[in-house]
There are 2 protein chains.
Amino acid sequence: MQRPDLILFDVNETLSDLAPMAGHLEAVGAPGHLAKPWFASVLRDGIALAAVGATAPFADIAAATLRGLLATTQTPDGLDRAVEQVMEGFTHLAVHPDIAPGVEALGDAGVRLVTLSNGAASVAEGLLGRAGLAERFERFLSVEDAGIWKPAAGAYAYGLTESGVTADSAMLVAVHPWDIDGAGRAGLHTAWLNRDGATWPGHFRGPDVEIATLPALADELG
Amino acid sequence: MQRPDLILFDVNETLSDLAPMAGHLEAVGAPGHLAKPWFASVLRDGIALAAVGATAPFADIAAATLRGLLATTQTPDGLDRAVEQVMEGFTHLAVHPDIAPGVEALGDAGVRLVTLSNGAASVAEGLLGRAGLAERFERFLSVEDAGIWKPAAGAYAYGLTESGVTADSAMLVAVHPWDIDGAGRAGLHTAWLNRDGATWPGHFRGPDVEIATLPALADELG
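All of these numbers come straight from a predicted model, not from anything done at the bench. (Residues numbered from 1 in each chain as written. Chains lettered and ligands numbered in written order. Predicted model: local features only at pLDDT ≥ 70, side-chain atom pairs only at ≥ 80, totals over all residues.)

1. Remarks on unusual backbone geometry
Residues and elements named next belong to chain A.
Working step 1: Here the amide bond leading from K150 into P151 is cis, since omega sits at 15°, within 30 degrees of zero.
Working step 2: Along the chain, P151 turns up in the loop between β3 (139–142) and α7 (153–163).
Working step 3: Its identity as a non-glycine residue notwithstanding, E13 has a phi of 75°, on the positive side.
Working step 4: Tracing the chain through its elements places E13 in the loop between β1 (6–9) and α1 (21–27). (Helix = DSSP H or I, 4+ residues; strand = E, 2+ residues; numbered from the N terminus.)

2. Some details on the interface of chain B and chain A
Working step 1: Listed by partner, the interface residues are 33 residues for chain B and 34 residues for chain A.
Working step 2: Within the side of chain B that touches chain A, the residues separate by chemical class into 19 nonpolar, eight polar and six charged. (Contact = placed C-beta atoms within 7 Å. Nonpolar A, V, L, I, M, F, W, Y, C, P; charged D, E, K, R; others polar.)

3. Topic: the pairing of β1 of chain A
Residue and element names in this part refer to chain A.
Working step 1: Burial of β1 is two-sided: the residues L6 and L8 facing one way and the residues I7 and F9 facing the other way are all buried.
Working step 2: Note: β1 against strand β2 (residues 112–117), four bridges, orientation parallel. Residue pairing for β2: L8 is matched across the bridge by V114.
Working step 3: Bridge analysis of β1 against strand β4 (residues 170–174) gives four bridges, and the strand direction is parallel. Across the sheet, residue L6 finds its bridge partner in β4, namely A170. (Buried ≥ 20, exposed ≤ 12 C-beta atoms within 10 Å, placed from the backbone. Pairing = 2+ DSSP bridges.)

4. Looking at α7 of chain A
Every α-helical turn comprises 3.6 residues, leaving residues that sit three or four positions apart pointing alike.
All names here are of chain A.
Working step 1: Inspection of α7 places A155, Y156, Y158, G159, L160 and S163 among the buried residues, and these make up the whole buried set.
Working step 2: On its buried side, α7 packs onto β1, β2, β3, β4 and α8 (177–185).
Working step 3: Of the residues trailing α7, G164 is marked for its positive phi of about 70°.

5. A closer look at the relation of the copies chain B and chain A
Working step 1: Between chain B and chain A, which share one sequence, the superposing operator has a rotation angle of 180° and an axial displacement of 0.0 Å; the RMSD is 0.0 Å. The transformation relating the two chain copies, once decomposed into turn and shift, fits a two-fold axis.
Working step 2: Comparing interface residues between copies, 100% of those in chain B also lie at the interface in chain A; the contact surface is shared. (Least-squares fit on C-alpha atoms with pLDDT ≥ 70 in both.)

6. Observations regarding the domain arrangement of chain A
All names here are of chain A.
Working step 1: Domain boundaries assigned for chain A yield domain 1 (6–17 + 94–221) and domain 2 (21–90).
Working step 2: Taking only C-alpha atoms into account, the centre of domain 1 sits 23 Å from that of domain 2.
Working step 3: Each partner contributes to the interface: domain 1 provides eight residues, whereas domain 2 provides eight residues. (Domains from an automatic or database assignment.)

7. Focus on the nonpolar core
Working step 1: Core analysis: the largest hydrophobic core is formed by 153 residues, its most contacted members being I47, A51 and V173 of chain A together with I47, A51 and V173 of chain B.
Working step 2: Residues in contact with I47 of chain A, not counting those within four places in the same chain, are W149 of chain A together with R44, I47, A48 and A51 of chain B. (Core = buried A, V, L, I, M, F, W, Y, C linked by C-beta atoms within 7 Å.)

8. Section: the packing of helix α2 (residues 35–51) of chain A against helix α3 (residues 58–70) of chain A
All names here are of chain A.
Working step 1: Interhelical geometry of α2 versus α3 gives an angle of 130° and a closest axis separation of 9 Å. Relative to α3, the element α2 is oriented oblique. The chirality of how α2 crosses α3 is right-handed. Of the residues in α3, those in contact with P37, W38, S41, V42, D45 and G46 of α2 are F58, I61, A62, T65, L66 and L69.
Working step 2: For the contact of α2 with α3, the residue count by class is eight nonpolar, three polar and one charged. (Axes fitted to C-alpha atoms, helices over the stretch in contact; angles between N-to-C directions. Parallel < 35°, antiparallel > 145°, perpendicular 65-115°, else oblique. Left-handed = near helix turned anticlockwise from the far one by under 90°.)

9. Overview of the environment of A131 of chain A
Residues and elements named next belong to chain A.
Working step 1: Following the sequence through the fold, A131 ends up in the loop between α6 (121–130) and β3.
Working step 2: With 17 C-beta atoms counted inside 10 Å, the residue A131 sits in the partly exposed group.
Working step 3: In this structure, the C-alpha to C-alpha distance between A131 and T73, residues 58 residues apart in sequence, is 34 Å.
Working step 4: Ignoring anything within four residues of it in the chain, the contact list for A131 reads A94, V95, I99 and A100.

10. As for the environment of M21 of chain A
Residue and element names in this part refer to chain A.
Working step 1: Structurally, the position occupied by M21 is in helix α1.
Working step 2: Among the residues examined, M21 registers 20 C-beta atoms within 10 Å and is labelled buried.
Working step 3: The spacing of M21 and L93 is 72 residues in sequence and 8.5 Å in space, taken between C-alpha atoms.
Working step 4: Beyond its immediate sequence surroundings of up to four residues, M21 is in contact with A35, G89 and F90.

11. Focus on the sheet that holds strand β6 (residues 209–211) of chain A
Note on sheets: strands pair through backbone hydrogen bonds, and any given pair is parallel or antiparallel.
All names here are of chain A.
Working step 1: Reading across from one edge, β3-β2-β1-β4-β5-β6 is the order of the six strands in this open sheet, with parallel pairing throughout. Each end of this open sheet is capped by a strand with a single partner; those strands are β3 and β6. Here the strands of the sheet are splayed against their neighbours by 25° on average, with no regard to which way each runs.
Working step 2: The strands that α7 touches are β1, β2, β3 and β4; relative to β3, the one it contacts most, it runs at about 150°.

12. Notes on the sheet that holds strand β4 (residues 170–174) of chain B
Residues and elements named next belong to chain B.
Working step 1: One open sheet holds the six strands; their spatial order is β3-β2-β1-β4-β5-β6, and the pairing between them is parallel. Every other strand in the sheet has two partners, leaving β3 (139–142) and β6 (209–211) as the edge strands with one partner each. Within this sheet the neighbouring strands show an average axis-to-axis angle of 25°, counted without direction.
Working step 2: In this sheet, β6 lies alongside strand β5 (residues 189–193) in parallel orientation, the contact comprising three bridges. Paired with W192 across the bridge in β6 is E210.
Working step 3: Contacting β1 (6–9), β2 (112–117), β3 and β4, helix α7 (residues 153–163) runs over the sheet at an angle of about 150° to β3.

13. What about the environment of R81 of chain B?
Working step 1: As for its position among the elements, R81 of chain B is in helix α4 (residues 79–90).
Working step 2: Distance in space between the C-alpha atoms of R81 of chain B and V28 of chain B is 8.8 Å, their sequence separation being 53 residues.

14. Topic: the packing of α3 of chain A against helix α4 (residues 79–90) of chain A
Residues and elements named next belong to chain A.
Working step 1: Close contact between α3 and α4 brings their axes to 10 Å; oriented N to C, the two are set at 130°. Comparing their axes, α4 and α3 come out oblique. Judged by the sense of rotation from one axis to the other, the crossing of α3 with α4 is right-handed. Between α3 and α4, the contacting residues are A59, A62, A63, L66, R67 and L70 on the first element and L79, A82, V83, V86, M87 and F90 on the second.

What follows is the structure, given as C-alpha coordinates:
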(Lines give C-alpha, C1' and ligand atoms only; values in the text may rest on other atoms or scores of the structure.)
Protein backbone atom coordinates (compact mmCIF):
# COMPACT_ATOMS: atom_id res chain seq x y z
CA MET A 1 0.00 0.00 0.00
CA GLN A 2 1.36 3.40 -1.01
CA ARG A 3 1.75 6.03 1.67
CA PRO A 4 -0.89 8.79 1.40
CA ASP A 5 0.22 12.44 1.57
CA LEU A 6 -2.42 13.17 4.16
CA ILE A 7 -4.37 11.23 6.77
CA LEU A 8 -7.78 12.46 7.91
CA PHE A 9 -8.60 11.09 11.36
CA ASP A 10 -12.06 10.54 12.66
CA VAL A 11 -12.14 11.68 16.32
CA ASN A 12 -14.93 10.24 18.52
CA GLU A 13 -14.11 6.60 19.42
CA THR A 14 -11.31 6.51 16.82
CA LEU A 15 -8.96 8.78 18.81
CA SER A 16 -10.96 9.16 22.03
CA ASP A 17 -11.76 6.33 24.41
CA LEU A 18 -15.47 6.50 25.28
CA ALA A 19 -15.21 3.89 28.07
CA PRO A 20 -15.34 6.52 30.89
CA MET A 21 -18.78 7.66 29.65
CA ALA A 22 -20.35 4.73 31.55
CA GLY A 23 -18.94 6.18 34.79
CA HIS A 24 -20.10 9.70 33.89
CA LEU A 25 -23.63 8.36 33.39
CA GLU A 26 -23.51 6.42 36.66
CA ALA A 27 -22.39 9.59 38.47
CA VAL A 28 -25.73 11.23 37.59
CA GLY A 29 -27.77 8.16 38.58
CA ALA A 30 -28.17 6.54 35.14
CA PRO A 31 -27.10 3.03 34.09
CA GLY A 32 -23.67 3.03 32.43
CA HIS A 33 -24.95 0.90 29.55
CA LEU A 34 -26.88 3.93 28.25
CA ALA A 35 -23.59 5.17 26.74
CA LYS A 36 -23.96 2.85 23.72
CA PRO A 37 -27.55 3.73 22.74
CA TRP A 38 -26.75 7.39 23.40
CA PHE A 39 -23.84 7.51 21.00
CA ALA A 40 -25.59 5.37 18.35
CA SER A 41 -28.68 7.63 18.56
CA VAL A 42 -26.62 10.81 18.21
CA LEU A 43 -25.00 9.44 15.07
CA ARG A 44 -28.37 8.22 13.75
CA ASP A 45 -29.86 11.70 14.14
CA GLY A 46 -26.91 13.65 12.72
CA ILE A 47 -26.67 11.28 9.78
CA ALA A 48 -30.46 11.47 9.26
CA LEU A 49 -30.05 15.22 8.81
CA ALA A 50 -27.21 14.54 6.33
CA ALA A 51 -29.57 12.25 4.38
CA VAL A 52 -31.93 15.22 3.83
CA GLY A 53 -29.14 17.73 3.16
CA ALA A 54 -29.45 19.44 6.55
CA THR A 55 -27.26 19.63 9.64
CA ALA A 56 -27.04 20.49 13.33
CA PRO A 57 -24.11 20.79 15.76
CA PHE A 58 -22.97 17.53 17.40
CA ALA A 59 -23.20 19.05 20.89
CA ASP A 60 -26.85 20.06 20.34
CA ILE A 61 -27.84 16.59 19.14
CA ALA A 62 -25.83 14.93 21.91
CA ALA A 63 -27.45 17.05 24.64
CA ALA A 64 -31.00 16.61 23.29
CA THR A 65 -30.57 12.85 22.91
CA LEU A 66 -29.09 12.54 26.40
CA ARG A 67 -31.99 14.54 27.81
CA GLY A 68 -34.37 12.01 26.23
CA LEU A 69 -32.44 9.02 27.59
CA LEU A 70 -32.24 10.50 31.11
CA ALA A 71 -35.88 11.61 31.23
CA THR A 72 -36.93 8.67 33.43
CA THR A 73 -33.76 8.70 35.59
CA GLN A 74 -33.82 10.07 39.16
CA THR A 75 -30.98 12.56 38.79
CA PRO A 76 -29.86 13.94 42.20
CA ASP A 77 -29.29 17.53 40.96
CA GLY A 78 -32.00 17.66 38.26
CA LEU A 79 -32.04 16.88 34.57
CA ASP A 80 -30.35 20.08 33.32
CA ARG A 81 -27.39 19.62 35.62
CA ALA A 82 -27.14 15.89 34.75
CA VAL A 83 -27.01 16.63 31.00
CA GLU A 84 -24.40 19.33 31.64
CA GLN A 85 -22.25 16.99 33.75
CA VAL A 86 -22.28 14.13 31.24
CA MET A 87 -21.56 16.51 28.34
CA GLU A 88 -18.69 17.94 30.40
CA GLY A 89 -17.32 14.40 30.77
CA PHE A 90 -17.59 13.91 27.01
CA THR A 91 -15.36 16.94 26.32
CA HIS A 92 -12.68 15.68 28.72
CA LEU A 93 -11.99 12.18 27.42
CA ALA A 94 -8.51 10.77 26.78
CA VAL A 95 -7.04 9.14 23.67
CA HIS A 96 -6.71 5.35 23.33
CA PRO A 97 -3.26 4.03 24.36
CA ASP A 98 -2.29 3.19 20.75
CA ILE A 99 -2.83 6.77 19.52
CA ALA A 100 0.37 8.45 20.78
CA PRO A 101 2.82 5.88 19.32
CA GLY A 102 0.79 5.66 16.10
CA VAL A 103 0.55 9.41 15.58
CA GLU A 104 4.27 9.80 16.30
CA ALA A 105 5.26 7.05 13.85
CA LEU A 106 3.00 8.43 11.09
CA GLY A 107 4.19 12.00 11.70
CA ASP A 108 7.85 10.92 11.71
CA ALA A 109 7.23 9.19 8.36
CA GLY A 110 6.25 12.57 6.92
CA VAL A 111 2.52 12.04 6.52
CA ARG A 112 0.42 15.17 7.07
CA LEU A 113 -2.11 14.62 9.89
CA VAL A 114 -5.52 16.34 10.13
CA THR A 115 -8.67 15.54 12.13
CA LEU A 116 -12.10 15.56 10.48
CA SER A 117 -14.84 15.18 13.06
CA ASN A 118 -18.62 15.21 13.14
CA GLY A 119 -18.05 16.92 16.49
CA ALA A 120 -16.57 20.32 17.26
CA ALA A 121 -12.99 21.13 16.22
CA SER A 122 -12.32 22.43 19.75
CA VAL A 123 -13.12 19.00 21.25
CA ALA A 124 -10.55 17.32 18.96
CA GLU A 125 -7.98 20.02 19.72
CA GLY A 126 -8.54 19.67 23.48
CA LEU A 127 -8.32 15.87 23.30
CA LEU A 128 -5.03 15.87 21.41
CA GLY A 129 -3.70 18.77 23.47
CA ARG A 130 -4.21 16.82 26.72
CA ALA A 131 -2.38 13.90 25.09
CA GLY A 132 0.55 16.17 24.16
CA LEU A 133 -0.09 15.44 20.47
CA ALA A 134 -1.67 18.67 19.23
CA GLU A 135 1.49 19.88 17.45
CA ARG A 136 1.59 16.68 15.44
CA PHE A 137 -1.65 17.76 13.71
CA GLU A 138 -1.80 20.38 11.01
CA ARG A 139 -5.50 21.22 11.39
CA PHE A 140 -8.56 20.28 13.42
CA LEU A 141 -11.49 20.27 11.02
CA SER A 142 -15.17 19.89 11.85
CA VAL A 143 -18.11 19.15 9.58
CA GLU A 144 -19.73 22.14 11.29
CA ASP A 145 -17.89 24.15 8.63
CA ALA A 146 -18.84 21.69 5.87
CA GLY A 147 -22.58 22.10 6.45
CA ILE A 148 -23.13 18.34 6.43
CA TRP A 149 -22.06 15.33 8.53
CA LYS A 150 -20.01 12.40 7.41
CA PRO A 151 -20.69 10.04 5.63
CA ALA A 152 -22.19 12.51 3.09
CA ALA A 153 -19.72 13.19 0.27
CA GLY A 154 -19.63 16.92 1.05
CA ALA A 155 -18.04 16.33 4.44
CA TYR A 156 -15.01 14.52 2.97
CA ALA A 157 -14.80 17.02 0.09
CA TYR A 158 -14.55 19.79 2.67
CA GLY A 159 -11.67 18.02 4.44
CA LEU A 160 -9.81 17.54 1.16
CA THR A 161 -10.34 21.11 -0.05
CA GLU A 162 -9.23 22.60 3.26
CA SER A 163 -6.13 20.41 3.16
CA GLY A 164 -5.40 21.11 -0.50
CA VAL A 165 -5.18 17.45 -1.57
CA THR A 166 -7.11 15.24 -3.98
CA ALA A 167 -9.04 12.22 -2.71
CA ASP A 168 -6.51 9.71 -4.05
CA SER A 169 -3.68 11.34 -2.05
CA ALA A 170 -5.66 11.06 1.19
CA MET A 171 -6.65 8.31 3.63
CA LEU A 172 -9.38 8.28 6.25
CA VAL A 173 -8.70 6.40 9.49
CA ALA A 174 -11.80 5.48 11.50
CA VAL A 175 -13.27 2.83 13.77
CA HIS A 176 -16.77 3.24 12.27
CA PRO A 177 -17.65 1.18 9.20
CA TRP A 178 -20.18 3.82 8.00
CA ASP A 179 -17.35 6.39 7.94
CA ILE A 180 -15.02 4.05 6.01
CA ASP A 181 -17.83 3.35 3.52
CA GLY A 182 -18.54 7.06 2.97
CA ALA A 183 -14.88 7.99 2.58
CA GLY A 184 -14.30 5.12 0.14
CA ARG A 185 -17.25 6.24 -1.98
CA ALA A 186 -15.80 9.78 -1.92
CA GLY A 187 -12.60 8.36 -3.43
CA LEU A 188 -10.30 8.37 -0.40
CA HIS A 189 -8.14 5.47 0.70
CA THR A 190 -9.43 3.99 3.94
CA ALA A 191 -8.01 2.29 7.02
CA TRP A 192 -10.34 0.55 9.44
CA LEU A 193 -9.03 0.69 12.98
CA ASN A 194 -10.63 -2.47 14.38
CA ARG A 195 -9.46 -2.61 18.01
CA ASP A 196 -12.05 -5.18 19.12
CA GLY A 197 -11.59 -7.83 16.44
CA ALA A 198 -15.07 -7.12 15.03
CA THR A 199 -16.38 -8.67 11.82
CA TRP A 200 -16.80 -6.23 8.92
CA PRO A 201 -20.53 -5.55 8.34
CA GLY A 202 -21.13 -6.65 4.76
CA HIS A 203 -23.71 -3.96 4.00
CA PHE A 204 -20.84 -1.43 3.77
CA ARG A 205 -17.99 -1.19 1.26
CA GLY A 206 -14.86 -2.55 2.91
CA PRO A 207 -11.69 -0.66 3.86
CA ASP A 208 -8.44 -0.73 1.90
CA VAL A 209 -6.57 -1.81 4.99
CA GLU A 210 -7.58 -3.13 8.41
CA ILE A 211 -5.39 -2.66 11.49
CA ALA A 212 -5.86 -3.48 15.17
CA THR A 213 -3.77 -0.55 16.43
CA LEU A 214 -2.59 2.74 14.95
CA PRO A 215 1.16 1.86 15.01
CA ALA A 216 0.27 -1.11 12.76
CA LEU A 217 -0.90 1.41 10.15
CA ALA A 218 2.50 3.12 10.23
CA ASP A 219 4.08 -0.32 9.64
CA GLU A 220 1.69 -1.08 6.76
CA LEU A 221 2.51 2.22 5.08
CA GLY A 222 6.24 1.53 5.42
CA MET B 1 -56.36 20.13 11.01
CA GLN B 2 -57.76 18.89 7.69
CA ARG B 3 -58.12 15.14 7.22
CA PRO B 4 -55.54 13.75 4.79
CA ASP B 5 -56.67 11.41 2.01
CA LEU B 6 -53.96 8.92 2.92
CA ILE B 7 -51.91 8.03 5.99
CA LEU B 8 -48.50 6.43 5.60
CA PHE B 9 -47.59 4.50 8.74
CA ASP B 10 -44.07 3.84 9.87
CA VAL B 11 -43.92 0.23 11.15
CA ASN B 12 -41.05 -0.61 13.55
CA GLU B 13 -41.80 0.84 17.01
CA THR B 14 -44.67 2.93 15.60
CA LEU B 15 -46.97 -0.05 15.03
CA SER B 16 -44.91 -2.84 16.61
CA ASP B 17 -44.00 -3.02 20.29
CA LEU B 18 -40.27 -3.78 20.56
CA ALA B 19 -40.42 -4.43 24.34
CA PRO B 20 -40.25 -8.26 23.93
CA MET B 21 -36.85 -7.92 22.18
CA ALA B 22 -35.20 -7.66 25.62
CA GLY B 23 -36.52 -11.13 26.45
CA HIS B 24 -35.43 -12.52 23.06
CA LEU B 25 -31.90 -11.26 23.74
CA GLU B 26 -31.91 -12.72 27.26
CA ALA B 27 -33.02 -16.07 25.84
CA VAL B 28 -29.73 -16.31 23.91
CA GLY B 29 -27.62 -15.23 26.92
CA ALA B 30 -27.30 -11.50 26.13
CA PRO B 31 -28.36 -8.56 28.32
CA GLY B 32 -31.83 -7.28 27.43
CA HIS B 33 -30.61 -3.68 27.37
CA LEU B 34 -28.76 -4.44 24.09
CA ALA B 35 -32.10 -4.01 22.29
CA LYS B 36 -31.79 -0.21 22.34
CA PRO B 37 -28.23 0.10 20.94
CA TRP B 38 -29.06 -2.65 18.43
CA PHE B 39 -32.04 -0.83 16.96
CA ALA B 40 -30.33 2.59 17.04
CA SER B 41 -27.28 1.11 15.28
CA VAL B 42 -29.38 -0.56 12.58
CA LEU B 43 -31.07 2.75 11.84
CA ARG B 44 -27.72 4.60 11.93
CA ASP B 45 -26.27 2.21 9.34
CA GLY B 46 -29.28 2.13 7.02
CA ILE B 47 -29.57 5.90 7.14
CA ALA B 48 -25.80 6.26 6.57
CA LEU B 49 -26.27 4.36 3.32
CA ALA B 50 -29.17 6.71 2.46
CA ALA B 51 -26.82 9.67 3.05
CA VAL B 52 -24.52 8.36 0.30
CA GLY B 53 -27.36 7.35 -2.05
CA ALA B 54 -26.98 3.61 -1.38
CA THR B 55 -29.09 0.99 0.36
CA ALA B 56 -29.22 -2.47 1.91
CA PRO B 57 -32.10 -4.63 3.21
CA PHE B 58 -33.14 -4.01 6.82
CA ALA B 59 -32.84 -7.69 7.70
CA ASP B 60 -29.21 -7.82 6.47
CA ILE B 61 -28.20 -4.76 8.49
CA ALA B 62 -30.13 -6.00 11.53
CA ALA B 63 -28.45 -9.44 11.44
CA ALA B 64 -24.93 -8.05 10.88
CA THR B 65 -25.32 -5.49 13.67
CA LEU B 66 -26.71 -8.10 16.05
CA ARG B 67 -23.79 -10.39 15.24
CA GLY B 68 -21.43 -7.58 16.23
CA LEU B 69 -23.28 -6.89 19.49
CA LEU B 70 -23.40 -10.59 20.43
CA ALA B 71 -19.77 -11.32 19.52
CA THR B 72 -18.62 -11.29 23.15
CA THR B 73 -21.74 -13.07 24.51
CA GLN B 74 -21.60 -16.72 25.56
CA THR B 75 -24.47 -17.98 23.42
CA PRO B 76 -25.51 -21.53 24.40
CA ASP B 77 -26.16 -22.72 20.80
CA GLY B 78 -23.55 -20.61 19.01
CA LEU B 79 -23.59 -17.19 17.42
CA ASP B 80 -25.35 -18.14 14.15
CA ARG B 81 -28.25 -19.75 15.99
CA ALA B 82 -28.48 -16.82 18.44
CA VAL B 83 -28.71 -14.28 15.61
CA GLU B 84 -31.35 -16.43 13.90
CA GLN B 85 -33.41 -16.75 17.09
CA VAL B 86 -33.40 -13.02 17.88
CA MET B 87 -34.24 -12.14 14.25
CA GLU B 88 -37.07 -14.68 14.43
CA GLY B 89 -38.38 -12.87 17.51
CA PHE B 90 -38.21 -9.58 15.63
CA THR B 91 -40.49 -10.87 12.87
CA HIS B 92 -43.09 -12.05 15.38
CA LEU B 93 -43.78 -8.94 17.41
CA ALA B 94 -47.27 -7.64 18.26
CA VAL B 95 -48.77 -4.19 17.73
CA HIS B 96 -49.09 -1.64 20.58
CA PRO B 97 -52.49 -1.72 22.34
CA ASP B 98 -53.52 1.67 20.86
CA ILE B 99 -53.07 0.50 17.26
CA ALA B 100 -56.25 -1.55 16.74
CA PRO B 101 -58.71 1.13 17.99
CA GLY B 102 -56.76 3.86 16.17
CA VAL B 103 -56.59 2.01 12.86
CA GLU B 104 -60.30 1.17 13.07
CA ALA B 105 -61.30 4.76 13.81
CA LEU B 106 -59.15 6.16 11.01
CA GLY B 107 -60.35 3.51 8.55
CA ASP B 108 -63.99 4.11 9.51
CA ALA B 109 -63.44 7.83 8.87
CA GLY B 110 -62.56 6.96 5.29
CA VAL B 111 -58.83 7.65 5.38
CA ARG B 112 -56.75 5.37 3.14
CA LEU B 113 -54.14 3.48 5.20
CA VAL B 114 -50.76 2.29 3.88
CA THR B 115 -47.55 1.21 5.64
CA LEU B 116 -44.16 2.57 4.54
CA SER B 117 -41.35 0.76 6.33
CA ASN B 118 -37.57 0.75 6.25
CA GLY B 119 -38.05 -2.98 6.89
CA ALA B 120 -39.57 -5.65 4.69
CA ALA B 121 -43.19 -5.35 3.51
CA SER B 122 -43.79 -8.96 4.61
CA VAL B 123 -42.90 -8.09 8.23
CA ALA B 124 -45.51 -5.30 8.27
CA GLU B 125 -48.08 -7.55 6.64
CA GLY B 126 -47.42 -10.33 9.17
CA LEU B 127 -47.59 -7.91 12.10
CA LEU B 128 -50.95 -6.45 11.04
CA GLY B 129 -52.24 -9.86 10.01
CA ARG B 130 -51.62 -11.28 13.50
CA ALA B 131 -53.47 -8.24 14.90
CA GLY B 132 -56.45 -8.89 12.61
CA LEU B 133 -55.90 -5.51 10.96
CA ALA B 134 -54.38 -6.42 7.58
CA GLU B 135 -57.62 -5.79 5.63
CA ARG B 136 -57.74 -2.25 6.98
CA PHE B 137 -54.56 -1.47 5.01
CA GLU B 138 -54.50 -0.86 1.28
CA ARG B 139 -50.81 -1.63 0.76
CA PHE B 140 -47.69 -2.66 2.64
CA LEU B 141 -44.82 -0.69 1.12
CA SER B 142 -41.12 -1.09 1.82
CA VAL B 143 -38.24 1.22 0.98
CA GLU B 144 -36.61 -1.92 -0.44
CA ASP B 145 -38.56 -1.02 -3.58
CA ALA B 146 -37.65 2.68 -3.31
CA GLY B 147 -33.89 2.02 -3.39
CA ILE B 148 -33.30 4.28 -0.40
CA TRP B 149 -34.26 4.40 3.28
CA LYS B 150 -36.31 7.04 5.01
CA PRO B 151 -35.62 9.89 5.82
CA ALA B 152 -34.24 10.45 2.27
CA ALA B 153 -36.80 12.26 0.10
CA GLY B 154 -36.91 9.39 -2.41
CA ALA B 155 -38.40 7.01 0.15
CA TYR B 156 -41.45 9.24 0.78
CA ALA B 157 -41.77 10.04 -2.92
CA TYR B 158 -41.99 6.31 -3.59
CA GLY B 159 -44.78 5.92 -1.03
CA LEU B 160 -46.74 8.80 -2.57
CA THR B 161 -46.28 7.63 -6.16
CA GLU B 162 -47.32 4.07 -5.34
CA SER B 163 -50.40 5.43 -3.57
CA GLY B 164 -51.24 7.92 -6.31
CA VAL B 165 -51.42 10.97 -4.04
CA THR B 166 -49.54 14.25 -3.77
CA ALA B 167 -47.52 15.09 -0.63
CA ASP B 168 -50.06 17.62 0.64
CA SER B 169 -52.85 15.01 0.61
CA ALA B 170 -50.79 12.61 2.73
CA MET B 171 -49.69 12.33 6.35
CA LEU B 172 -46.91 10.29 7.90
CA VAL B 173 -47.47 8.82 11.36
CA ALA B 174 -44.32 7.81 13.22
CA VAL B 175 -42.74 7.62 16.66
CA HIS B 176 -39.29 8.62 15.34
CA PRO B 177 -38.46 12.33 15.11
CA TRP B 178 -36.00 11.73 12.21
CA ASP B 179 -38.88 10.19 10.20
CA ILE B 180 -41.21 13.11 10.97
CA ASP B 181 -38.46 15.56 9.95
CA GLY B 182 -37.81 13.79 6.65
CA ALA B 183 -41.50 13.48 5.77
CA GLY B 184 -42.10 17.14 6.61
CA ARG B 185 -39.24 18.21 4.35
CA ALA B 186 -40.73 16.01 1.61
CA GLY B 187 -43.95 18.04 1.93
CA LEU B 188 -46.16 15.56 3.79
CA HIS B 189 -48.24 16.39 6.82
CA THR B 190 -46.86 14.70 9.92
CA ALA B 191 -48.17 13.26 13.17
CA TRP B 192 -45.75 12.40 15.95
CA LEU B 193 -46.98 9.46 18.01
CA ASN B 194 -45.30 10.28 21.33
CA ARG B 195 -46.38 7.45 23.64
CA ASP B 196 -43.71 8.14 26.29
CA GLY B 197 -44.21 11.86 26.82
CA ALA B 198 -40.78 12.60 25.33
CA THR B 199 -39.52 16.12 24.59
CA TRP B 200 -39.22 16.97 20.89
CA PRO B 201 -35.52 17.08 19.89
CA GLY B 202 -35.01 20.63 18.62
CA HIS B 203 -32.48 19.65 15.93
CA PHE B 204 -35.38 18.27 13.84
CA ARG B 205 -38.29 20.09 12.23
CA GLY B 206 -41.36 19.55 14.38
CA PRO B 207 -44.54 17.62 13.53
CA ASP B 208 -47.84 19.18 12.49
CA VAL B 209 -49.61 17.33 15.27
CA GLU B 210 -48.50 15.40 18.34
CA ILE B 211 -50.62 12.64 19.88
CA ALA B 212 -50.03 10.18 22.74
CA THR B 213 -52.12 7.38 21.21
CA LEU B 214 -53.38 6.58 17.73
CA PRO B 215 -57.11 7.01 18.56
CA ALA B 216 -56.25 10.60 19.55
CA LEU B 217 -55.19 11.20 15.96
CA ALA B 218 -58.60 10.07 14.72
CA ASP B 219 -60.16 12.56 17.15
CA GLU B 220 -57.84 15.38 15.97
CA LEU B 221 -58.76 14.72 12.35
CA GLY B 222 -62.46 14.85 13.21
